[in-house]
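If you want the building blocks of each chain, they are given just below.
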Amino acid sequence: MANPDASFAESSDQSRRTLDELKAILLSDDRRKIALLEEKLKELENQLKNKDELLSLLDPITLNLLRKQMQTNPKEMGEILGPAIGPAIRKQIASAKDDIVDALYPVIGQAIRKAVAEAMKNLARSVNQKLDQALSFRLLRARIKAKLKGVSADEAVLSEVLPFSIHELFYIHKKSGILLAHVSAEKQDSAVKDVIGGMLTAIKNFAQDALSKEGSPQDLNVIEYDDFQIYLENGRYAFIAVVISGVPNDLFYRKIKELETQLHKRYAGLLRDFSGDMRRLEELPSELEKFLREFQRTETRSEHAPLWAKVAVSFLIIAALIIGIRYLFFPPSPPQQTITVNKTAKALQLESILDKLSDHLPASLQTDLKNLKLIVDGRVLYLQGRAANENEKVKIARVVAELSGFPVIVNELTLSNPQKTVVEKINKTRIYFQKESSRILPNEKKKIHSLIPLFQQISDQKIRLIGHSDSLGSDLLNLNISQKRAEAVRQLLIENGIEQNRIEVVAKGRKEPLVSNRSEKERALNRCVVFKVLENTSDAGTRAH
Amino acid sequence: MQEPVLIKKKVCLLGSFNVGKTSLVRRFVYNVFDDLYLSTLGVKVSQKILPAIEKPDGTVVQYQLMIWDIEGQEKFTDYLPGYFTGSAGAVLAVDLTRKNSWTIIPDLMQRFKDINPEAAFVLAANKLDLLPEDHAHLKEIADFAKEINVSHWLTSAKTGHNVEHFFHDLASSF
Ligand SMILES: Nc1nc2c(ncn2[C@@H]2O[C@H](COP(=O)(O)OP(=O)(O)OP(=O)(O)O)[C@@H](O)[C@H]2O)c(=O)[nH]1
Ligand SMILES: [Mg+2]
């Protein structure tokens, strides 16, 4: 090592060089550190500029933070994050609609997919609606769960918002369409189940014939209607049709396949040359029942009371769909050359459909048919105008489907009475309580908050709050608690600016349970307050619901 | 009598358009009739359980008919074969007043037999109420039925004449 004193005695040039050398020796450690820091800083700067990189950097940290916060203070977290996440998801779903269609229906072929697109639109709409009601806390949880599990967030949210449940199970002989067995999650059995078995088979037959004309022979796997899907698991001699709602998980697909294999093993010999003799199939229902019970969840059941009505309607619509597919494959009009002639003929045809509409609809119809409009866009017929109510909206579309034979009909009728939907939404809301408690839980509070703007829209109508209870304990006790529950909701409404004199409170106690009280889950459903918007005439609330 | 054995059978209603297939089913299943003509689109499935009958071997059976009312086509080749599979029999329906509704029947029957070799058939010669008693078609339809070797019934969905009978006749030959 050089002696510093000696170095200083040299020329200035020499001395500077030496100084540098000295610095290098003395500060080498720090210099390296500084260089490293400089590098780090630049890196950070870049990361800050590059959004993606920043996110990947922050993700693990925020996730941990969120997790911790969720444990210590879930309520507040929900409140903070909920409002931001809701719209984001909504936007994603809106833009991902087509992706969802493709992802969910890879198997059913282009033609049917088109028709299903309309149903998807409704699905997205109902997701939106449910998001409105759903609690931000719950959504947040879904998001985080998704992160942890590595599922895409949309998927997780979909299944969170639309809880999956199985409503009906059919086992149907493939060749003849004869119903081999049927079980239902609903209490009442359907008188038309055999007919449904037949119609499902007809639809399958049709799709198969039609699709194999398209080139690749395909089996129909899903029929979509409203909130329901009919999922078909095809076997060699028979197929299983499952009426489901919500978004099924992998387990469902695996289990249903297993069930099919198991039934095939057991009954193939009998079904190969099936004579229609039902004697040897007596154990079938209990096997289906087992499957059904495995998947049963209580969450959604009470919401789907008029299931059979819905499924019955669905078959009419499916019938229209069949006609639709037919026309896709065997278009009724001659090819391109005669296009002008066609056009006027089509216009005439549309007019005559509108003329004929009233003949096919009940005289009691409230919708003014004169305001309806039909617009053709390719093979899609748009039905526009105002319908008096939801029921007539569907009816009219059905008749138009029948008369026009269009493959896809987009029902764009709006309800001329938007108040009605507001009322329906309010009447559907239920506020749930814990055992023997009349405290409004945070989640339930949110539901009430989301109703406030709706109440303001129908400011001339009164609201009845009906308190209910489960069946445990004495009549008097239950009457009291149901009264307290309704009062608590009333108090919250008043705090949120609803006029006192618009609110009526009724206590039912355990007298009119909404569902039976057999299980704890059902009892939980009965511990609630129900809203009823009253008509503003004197004979309030007599219309059947 | 012993507890009957439930046997479900699929039967198809075949024939030219407008001959009254849907009307026959509606009369048979719901006992109603309508003058309005709403052409069937695709298939309409209905069901009816027949009274229990005793088979020659002594067993008592009860048939539940799943009736596939298929839209009438102009040519037999226009039918989707998928609709025919797994049937125990078919009702061949014609309009007594409109002879050109008869011509499709032999080919249609053959096509159905190709898919269901064991199938039973009956011929329902419908709209009897529209013909005077001595009309030439009544004799001609009998000859026609003989030709194709199928038992025939003169029916009217409007009055209900013979409607029950030909369905029972069909079921008895399963
Ligand atoms: N007078 C009379 N009219 C009948 C009878 N049966 C059917 N009709 C009428 O004939 C028309 C056609 O009857 P449908 O039962 O719809 O005929 P379809 O064979 O089902 O016709 P597609 O479904 O188009 O194949 C309707 O206007 C019926 O009212 C009958 O026995 N007597
Ligand atoms: Mg018909």
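Preceding this paragraph is the structure being described.
Chemist: Whenever I open this one, the packing of helix α10 (residues 250–272) of chain A against helix α11 (residues 284–295) of chain A confuses me. Can you help?
Modeler: In a pair of packed helices, the angle between the axes and the distance between the axes together describe the arrangement. Residue and element names in this part refer to chain A. Remark: α10 packs on α11, axes separated minimally by 12 Å, with the N-to-C direction vectors making an angle of 170°. As far as their axial angle goes, α11 and α10 are roughly antiparallel. Within the contact between the two elements, α10 uses Leu-251, Phe-252, Lys-255, Ile-256, Leu-259, Gln-262, Leu-263, Arg-266 and Tyr-267 and α11 uses Leu-284, Glu-287, Leu-288, Phe-291, Glu-294 and Phe-295. Of the residues contributing to the contact of α10 with α11, the split by class is ten nonpolar, one polar and four charged.

Chemist: How should I be thinking about the interface of chain B and chain A in this particular structure?
Modeler: By a widespread convention, an interface's size corresponds to the accessible area lost as its parts come together. At the interface, 24 residues of chain B touch 26 residues of chain A. In this assembly, chain B packs against chain A so that about 2100 Å² is buried in total across both faces, 61% of it on carbon and sulfur atoms. Interface area lost by chain B to chain A is led by Lys8(B), Leu41(B) and Leu80(B), which between them contribute 28%. Inspection of the chain B/chain A interface yields one salt bridge. Notably, a salt bridge pairs Asp194(A) with Lys8(B), separated by 2.8 Å at the nearest N-O pair. Our count for the chain B to chain A interface comes out at seven residue pairs in polar contact (both at pLDDT 80 or more). Breaking the side of chain B that touches chain A down by element, the ones donating at least two residues are β1 (5–14), β2 (43–49) and β4 (60–70) of chain B. A per-element tally of the side of chain B that touches chain A places β1(B) first, with six residues. A per-class count over the side of chain B that touches chain A returns twelve nonpolar, seven polar and five charged.

Chemist: Help me understand the pairing of strand β10 (residues 463–467) of chain A, please; the structure alone is not making it clear to me.
Modeler: Residue and element names in this part refer to chain A. Within β10, four of the five residues are buried, which leaves the element mostly enclosed by the surrounding structure. One ladder, built from five bridges, connects β10 with strand β11 (residues 503–507); its direction is parallel. By the bridge assignment for β11, Ile-466 is matched with Val-506. Remark: the β10/helix α17 (residues 475–495)/β11 crossover connection has right-handed handedness.

About the criteria used
Residues numbered from 1 in each chain as written. Chains lettered and ligands numbered in written order. Predicted model: local features only at pLDDT ≥ 70, side-chain atom pairs only at ≥ 80, totals over all residues. Heavy atoms only, no water. Axes fitted to C-alpha atoms, helices over the stretch in contact; angles between N-to-C directions. Helix = DSSP H or I, 4+ residues; strand = E, 2+ residues; numbered from the N terminus. Parallel < 35°, antiparallel > 145°, perpendicular 65-115°, else oblique. Contact = heavy atoms within 4.5 Å. Nonpolar A, V, L, I, M, F, W, Y, C, P; charged D, E, K, R; others polar. Buried area = accessible area lost by both parts, 1.4 Å probe. Salt bridge = Lys/Arg side-chain N within 4 Å of Asp/Glu carboxyl O. Polar contact = N/O pair within 3.5 Å; in protein donor to acceptor, adjacent residues only side chain to side chain. Buried < 20%, exposed > 50% of the residue type's maximum accessible area, 1.4 Å probe, protein only. Pairing = 2+ DSSP bridges. Right-handed = clockwise from strand over helix to strand, strands pointing away.

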